[in-house]
Amino acid sequence: MMKTFIRHTVILGAVVGMASGLWAQEPDPFEEKYTYYNNRGLGERLVVSFPKAETEIARSIEMIIFDESFYNQERLTYDSRQVAIFAGMGMGSSGLKLVLNDHSQRNMFETVLDRFVKTVGLFRDNEDAIVESRKDWMGDGWNAVAGPRKLGNVFFYPTKQTMEATFNFDPEMNRIWLNMGSRVFMDHQVVPYVMRMVNQIPAYQDRLVSLRNELGKTNDQIDGMVGVDRVRSKL
């Protein structure tokens, strides 16, 4: 009896161990992929994406960090600043741009994203009751109860015009989204990934510098291999 118990325990332990190994191998949906470019035509830029994100829409989201030229009204001359733009499916925008040294803009955006994610969680917890709250006597369809809920304010460049950010849902379309102003929106599937990107901006800036230095070292090594450094020293 004891031998049978031990044998079953060993088998059970092996099964649990295999299952734990499988769980440990599950992909991290927030694992970043970095692509660094530095060429004469396009300049320097870092592209960040999440290739293991849970949905195709989220996997399409990219944040691109680069330096842009702009006219500095205070100095009355052209200057350079580091910016980040977001692109991909699930984002209705002609160009969502953050200026990375504008901490006020970033803080407002982070606050709205965080509030939206928390609101989605509460909506999911109470979804049945919310759907049932729509009654036949209510006119104007779902707009009677599914109107936008304000989360805060945001602004984007180049207009810097303050816009109201709202939580929106449409039970008939099975859709939840973040709306900012009249033209900027994000599907709920992409918001957690955009929030992760915004929160990690300082780390991404450090990564850009690291990859720039790594590329420089690699090219220096190639110069040595082909003798370009010795030719250059004689010029």
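That block above? That's the structure.
Read on for a plain summary of the structure.

Analysis parameters
- Residues numbered from 1 in each chain as written.
- Predicted model: local features only at pLDDT ≥ 70, side-chain atom pairs only at ≥ 80, totals over all residues.
- Heavy atoms only, no water.
- Helix = DSSP H or I, 4+ residues; strand = E, 2+ residues; numbered from the N terminus.
- Buried < 20%, exposed > 50% of the residue type's maximum accessible area, 1.4 Å probe, protein only.
- Contact = heavy atoms within 4.5 Å.
- Areas by Shrake-Rupley, 256 points an atom, 1.4 Å probe, with all protein chains shown as cover.

Scanning the protein from N- to C-terminus turns up seven helices and 10 strands. The buried share among the 235 residues of the protein stands at 32%. Counting only contacts in the protein whose residues sit at least 6 apart along the sequence, the fraction spanning at least 24 positions is 47%. Of the roughly 15000 Å² that the protein leaves accessible, carbon and sulfur atoms contribute 53%.

Here the amide bond leading from Tyr157 into Pro158 is cis, since omega sits at 5°, within 30 degrees of zero. Position of Pro158 among the secondary structure elements: in the loop between β7 (149-154) and β8 (163-170). We note that Asp140 has phi near 70°; this positive angle belongs to a residue other than glycine. Tracing the chain through its elements places Asp140 in the loop between α4 (127-132) and β7. The exposure class assigned to Asp140 is exposed, which follows from its relative accessible area of 59%. For Lys160, which is not glycine, the phi torsion reads 60° and is therefore positive. You can see Lys160 is positioned in the loop between β7 and β8. Taking relative accessible area as the criterion, Lys160 reaches 44% and is therefore assigned partly exposed.

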